[in-house]
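What follows is each chain in one-letter form.
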Amino acid sequence: MSKQTLSFQAEVAQLLHLVTHSLYSNPEIFVRELISNASDACDKLRFESLNHNALYEDDPNLAVRVTFDAAAKTLTITDNGIGMSEQEAIDHLGTIAKSGTKDFMGQLTGDQKQDAQLIGQFGVGFYSGFIVAEKITVESRRAGLQAESGVRWTSGGTGDFEVESILRPQRGTSVILHLREDATEYLNAWKLKSVIGKYSDHISLPILMEKEEWKDGELINPSDENGGRQPGGMVKTGEWETVNKASALWTRAKKDISPEQYAEFYQAISHDHQPPLTWAHNRVEGNTEYTQLLYIPSKAPFDLWNRDKKAGIKLYVKRVFIMDDAEALMPNYLRFVKGVIDSADLPLNVSRELLQESRDVKAIREGSTKRVLSMLEDLAKHDKHVPAENAEGVTDVVDADDQAKEGKYSQFYAEFGAVLKEGLGEDFGNRERLAKLLRFASTTSDTPTVSFADYKARMKEGQEAIYYITADTLAAAKNSPQLEVFKKKGIEVLLMTDRVDEWALNYLHEFDGTPLQSVAKGAVDLGTLQDEAEKKAAEEAAEAFKPVLAQLKEALKDKAEDVRVTTRLVDSPACLVVQDDGMSTQLARMLKQAGQQAPETKPVLEVNAEHPLVQKLDGSVHFHDLAHILFDQALLAEGGLPEDPAAYVKRVNALLV
Ligand code: ADP
C-alpha cells in the first residue's frame, strides 16, 4: 500500500516548534491532552451512534487503555472511540482548524514564558505529545469502516508527516509515543497512575492499565513503596484495572470534591494554565433539571474580542456529551465563563436548531446567567474588607472564605469589565443587577473602583444627576475642559474610557432613580448647585456677549451647529458639546475609524465669555482666524483632529509671528 509524505500546515510547524521549546517545563500535560482527545473520540462515537447503533460494532464498552513497553521505550494511549479515516488523519493531525489561530500566532512574543501561557490557552492538544516524544505513530480506523481502511500516521514533529493505509480490525485510535531519552520516567506504572489521577480523575470514561506484579513476590523492605525492589522487576499479569475515578466530576457531591480537583477540571476544559478565579457547582431542580458547574477565569483569553468566539460551555445530556461551545446556554456578554451544563430533560439527539427553540434551554440559560451574576455579586461584596467595630469595640473577625475573596472582583473587573458592560445592551432583564456590578474611574479615583452606588453616596446636597464623561484615555478624560466647573465645585464625575462605554450607556439612563448625565452633552444645568450670584453674572455676560456670538456663529456656520456662552468652563476658552440627543463626538470618531457610517452632526461650540482670548475677539482684526482656532483647539482638547490640520497650523503660526 502506498505511503505518502505530506507537509504540515505552516501554523502547525510553528506551533510544534513552540511546543517542544516552550512547554518542556511542564511535560506531563501531554497525558491530560491525549486522554482528553481519547475521551472526546468516545463522546463522539456515543453521540453518532444515537442514530447509527451499528457503529458500536461488537465493542460497546468504551474505554481508554494506557500501556508502555520499557524495552522499546514506547507509551501507547488507545481508545475505542470514533477513530479517523485516512483523510481525517491528514486533515486533523496536519492542520489547525481552530478559529482564532491567526490571532493566536500574531500574539506570540518570542518570550518563552509568556508564550507558554498563551499556548496553554490555545490548547495544543495532540501536538503536546512531542514534548516527550521524538516520534509519534498514530494508528486509527474510523467506526463503521472496513478493517482495510485503517491508517498509520507517523511524524518526527518537524516539517512533515507520513500516512499509509493499514489493516486495523479494531475501531478507534492508538497514539504511540516513542519517548525521548529524557522522558523515560513515563515508562513506569506508578508515575503514569499518579499523572492520570492528577489530570483525568474527572473523565467519566474508565482509563485502564494492565496490572503488574513483582516477579519474585517477596518483599525486601516492606516499609518502602516498592518493597525495596528495583523497578524493572515487574511483570504484566494480563488483567486490566481502572486507574481513574471514572465519574464525571460534576456528578459527584460537592463535599467529595477538593478545590484542587475543581481547579484541575477547569484546566482540563479550558486549557488555561491559571487557576480559576471562582466557580459554582449546583444541581438545579424544578421544572427543568440540570447540573451546572461554572467557572470564572482569572485571566482574559487571547481571543476575548473575537466576535466569532463561542461561549465556553459544554453541554451534556444525562452525562452524554452533546456539544461544545453551546452558545444558546450563555449570553454573549458572559462568553468568558467556562463550564459544564448537564441536562436531565433535553432529548439526546438535540440539534443546534432545537437548542435555540427549546424552552428548557431558555430556562437553563436564564438560570445560568443568574448564577454567574450571583457569583460576581458575591466577589464584589467581599472585594474590599471594611472592618466594622461592634458595640463592644471589637473589630469583626473575617471568615477565611470571605478573606480569600478579597481583591478578586477588582481582578475580574480589570480583565472582563468591558465585556460585562455589553450586557447593558444585551440583557435587559438583568440590567439593574449589571449596573450594580459596574465600576469606573472618577475624578476621585484613577482606578476603576467606583460603583454607581458609591457615587450616589458621595453626591453633593442638591445634586440631581450622576455625571460622567467618555474619552479615549484616562488622561484625556481627566483633563477635559468640560470638567472644569465640576472640579471647581467639587462634584465627582465618572471617567469612562472603555470603547464600549458610550454604546453601553445608551441603554442605561438612570441608576436607582438618579439620571445619568454626560457632561459633554447638552447645556450644563447644575440646578441648585449653582448659586444665584453666579447665575446672574453668567446671564449678564451672555447678554453683553450677544453681538460677538452672532459673529462667531456666522464665521463657524460650517463647523458648529450653534455657539453659546457657557458656565461649565473655568480655565479654558471653549469646548465642544453635542445636543442632548446627539451622538458624542467620541463615538462618531470611533465609528469612522472602524469604517462605519456615523451621522454627520455638527457639535455646539461653547465659549467662556470671561476668558481673555474670548474677550479679545470683540473687534479684533483677526476675528475669523481666532474663531477657527478656538473651534479647532476645542476639538484637539477632546482628542479629535481639526478637519484641515494644515490650515489650523497656518493660522496659529500667522498669529505667533
Ligand atoms: P483539539 O482536540 O483541540 O481539536 P487536537 O490537536 O488535540 O485539537 O486534535 C485535533 C483533531 O484530531 C481533533 O479535533 C480530532 O478530530 C482528531 N483527533 C485527535 N485525537 C483523536 C483520537 N484519539 N481519536 C479521534 N480523533 C482524534
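Residues numbered from 1 in each chain as written. Predicted model: local features only at pLDDT ≥ 70, side-chain atom pairs only at ≥ 80, totals over all residues. Heavy atoms only, no water.

Section: the sheet that holds strand 21 (residues 562–565)
Okay, step 1: Strand order in the open sheet formed by three strands is 21-23-22, and the pairing between neighbours is mixed. Where the open sheet ends on each side, the last strands, each with one partner, are strand 21 and strand 22 (574–577). Adjacent strand axes in the sheet meet at a mean angle of 25 degrees when their direction is disregarded.
Okay, step 2: Bridge count between strand 22 and strand 23 (residues 604–607): four bridges; the pairing is antiparallel. Looking at strand 23, one finds that V577 is bridged to V604. (Pairing = 2+ DSSP bridges. Helix = DSSP H or I, 4+ residues; strand = E, 2+ residues; numbered from the N terminus. Axes fitted to C-alpha atoms, helices over the stretch in contact; angles between N-to-C directions.)

Points about the site of the ligand
Okay, step 1: Neighbouring the ligand are 13 residues, the closest being N37, D79, H92, G125 and F126.
Okay, step 2: Within the side chain of T173, a nitrogen or oxygen atom sits 3.2 Å from a nitrogen atom of the ligand.
Okay, step 3: Examining the composition of the shell around the ligand, we find that three residues originate from one element, helix 2 (residues 29–48), more than from any other.
Okay, step 4: When the residues that make up the shell around the ligand are grouped by side-chain class, the tally is six nonpolar, four polar and three charged. (Near = heavy atom within 4 Å. Polar contact = N/O pair within 3.5 Å; in protein donor to acceptor, adjacent residues only side chain to side chain. Nonpolar A, V, L, I, M, F, W, Y, C, P; charged D, E, K, R; others polar.)

Regarding helix 9 (residues 359–381)
Okay, step 1: In a regular helix each residue adds 1.5 Å, so 23 residues correspond to 33 Å; helix 9 covers 33 Å between its end C-alpha atoms and thus fits that length.
Okay, step 2: Buried within helix 9 we find V361, I364, S368, T369, V372, L373, M375, L376, L379 and A380.
Okay, step 3: The inward-facing, buried residues of helix 9 abut strand 10 (278–284), strand 11 (290–296), strand 14 (338–343), helix 8 (352–357), helix 11 (408–426) and helix 12 (431–437).
Okay, step 4: At the N-terminal end of helix 9, a side-chain oxygen is found 3.1 Å from the backbone nitrogen of D360, two or three residues along, and the residue is S358. (Expected span 1.5 Å × (residues − 1). Buried < 20%, exposed > 50% of the residue type's maximum accessible area, 1.4 Å probe, protein only. Contact = heavy atoms within 4.5 Å.)

Let's talk about the environment of Q170
Okay, step 1: Inspection of the secondary structure assignment puts Q170 in the loop between strand 6 (160–166) and strand 7 (172–179).
Okay, step 2: Between the C-alpha atom of Q170 and that of D59, which follows or precedes it by 111 residues, the distance is 8.8 Å.

Details of a negative patch on the surface
Okay, step 1: A surface patch of like charges, here negative, comprises D531, E532, E539 and E540.
Okay, step 2: With respect to the helices and strands, E539 occurs in helix 17 (residues 532–555).
Okay, step 3: Classification of E539 as exposed rests on a relative accessible area of 53%. (Patch = residues over 30% accessible without salt bridge, like charges linked within 9 Å, V, L, I, M, F, W, Y side chains within 5 Å. Areas by Shrake-Rupley, 256 points an atom, 1.4 Å probe, with all protein chains shown as cover. Salt bridge = Lys/Arg side-chain N within 4 Å of Asp/Glu carboxyl O. Lys, Arg positive; Asp, Glu negative; His and termini not counted. Charge placed at Lys NZ, Arg CZ, Asp CG, Glu CD.)

Describing the nonpolar core
Okay, step 1: Grouped together as the largest cluster of nonpolar side chains are 75 residues, with contacts concentrated most on F412 and F452.
Okay, step 2: Not counting residues up to four positions away in its chain, the partners in contact with F452 are A435, L438, F440, I466, L494, L508, F511 and L516.
Okay, step 3: Core analysis: the second largest hydrophobic core is formed by 63 residues, F30, A38, I136 and L205 among them. (Core = buried A, V, L, I, M, F, W, Y, C linked by side-chain atoms within 4.5 Å.)

Quick word on the pairing of strand 10
Okay, step 1: Within strand 10, five of the seven residues are buried, leaving the element largely enclosed by the surrounding structure.
Okay, step 2: Pairing of strand 10 with strand 11 involves seven bridges; the strand directions are antiparallel. Note on strand 11: the bridge partner recorded for V284 is Y290.
Okay, step 3: With antiparallel pairing between neighbouring strands as the criterion, strand 10 and strand 11 make up a hairpin whose turn holds five residues, including G286 at a positive phi of roughly 135 degrees.

Quick look at the packing of helix 9 against helix 11
Okay, step 1: Two numbers describe how helix 9 lies on helix 11: the axes approach to 9 Å, and their chain directions differ by 135 degrees. With respect to their mutual orientation, helix 9 and helix 11 come out oblique. Helix-helix and strand crossings are classified by hand; for helix 9 and helix 11 the assignment is left-handed. Here L376, L379 and A380 of helix 9 lie close against helix 11, whose contacting residues are K408, Y409, F412 and L420. (Parallel < 35°, antiparallel > 145°, perpendicular 65-115°, else oblique. Left-handed = near helix turned anticlockwise from the far one by under 90°.)

With respect to the sheet that holds strand 19 (residues 510–511)
Okay, step 1: Strand order in this open sheet of six strands is 16-15-18-17-20-19, and the pairing throughout is mixed. Looking at strand neighbours, the two that pair on one side only are strand 16 (445–450) and strand 19, the edges of this open sheet.
Okay, step 2: Where strand 17 (residues 466–470) and strand 20 (residues 514–518) come together, three bridges link them in parallel fashion. Residue pairing for strand 20: Y467 is matched across the bridge by Q517.

Considering the packing of aromatic side chains
Each aromatic ring pair is described using two quantities: the centre-to-centre distance and the angle formed by the ring planes.
Okay, step 1: Applying the stated criterion to the full structure yields 22 aromatic pairs.
Okay, step 2: Between F265 and Y295 the ring centres are 6.5 Å apart and the planes differ by 40 degrees, which places this aromatic pair in the tilted class. You can see F265 sitting in helix 7 (residues 259–270) and its partner Y295 sitting in strand 11, a full 30 residues away along the chain. Here the two residues F265 and Y295 agree in accessibility, since each one is buried.
Okay, step 3: For the ring pair W279 and Y295, a centre distance of 6.2 Å and an interplane angle of 50 degrees mean the geometry is tilted. Remark: Y295 occurs in strand 11 and W279 occurs in strand 10; sequence separation between them is 16 residues. (Phe/Tyr/Trp six-rings, centres within 6.5 Å; stacked < 30°, edge-to-face > 60°.)

Overview of the packing of helix 20 (residues 623–637) against helix 21 (residues 645–656)
Okay, step 1: It is the contact of helix 20 with helix 21, at a shortest axis distance of 10 Å, that shows an interaxial angle of 125 degrees. Accordingly, the angle class assigned to the pair helix 20 and helix 21 is oblique. For the pair helix 20 and helix 21, the sense of crossing is left-handed. Between helix 20 and helix 21, the contacting residues are H624, D625, L626, H628, I629, D632, Q633 and L636 on the first element and Y648, R651, V652 and L655 on the second.
Okay, step 2: For the contact of helix 20 with helix 21, the residue count by class is six nonpolar, three polar and three charged.

Side note on the pattern of salt bridges
Okay, step 1: Overall, the coordinates contain 32 salt bridges when judged by the stated rule.
Okay, step 2: Linking K191 and E185 is a salt bridge whose minimum nitrogen-to-oxygen distance equals 3.4 Å.
Okay, step 3: For K211, the salt bridge goes to E239, with nearest N and O atoms at 3.7 Å. Here the residue K211 occupies a position in strand 8 (residues 207–214), and E239 occupies one in strand 9 (residues 234–242), the gap between them amounting to 28 residues.
Okay, step 4: A residue is classified by how much of its surface remains accessible, and K211, at 34% relative accessible area, is partly exposed.

Observations concerning unusual backbone geometry
Okay, step 1: In this model, K73 sits at a positive phi of 55 degrees, which is unusual for a non-glycine residue.
Okay, step 2: Note that K73 resides in the loop between strand 2 (64–69) and strand 3 (74–79).
Okay, step 3: Positive phi is not limited to glycine here, since A246 has a value of about 55 degrees.
Okay, step 4: The topology assignment puts A246 in the loop between strand 9 and helix 7.
Okay, step 5: Judged by its relative accessible area of 24%, A246 is partly exposed.

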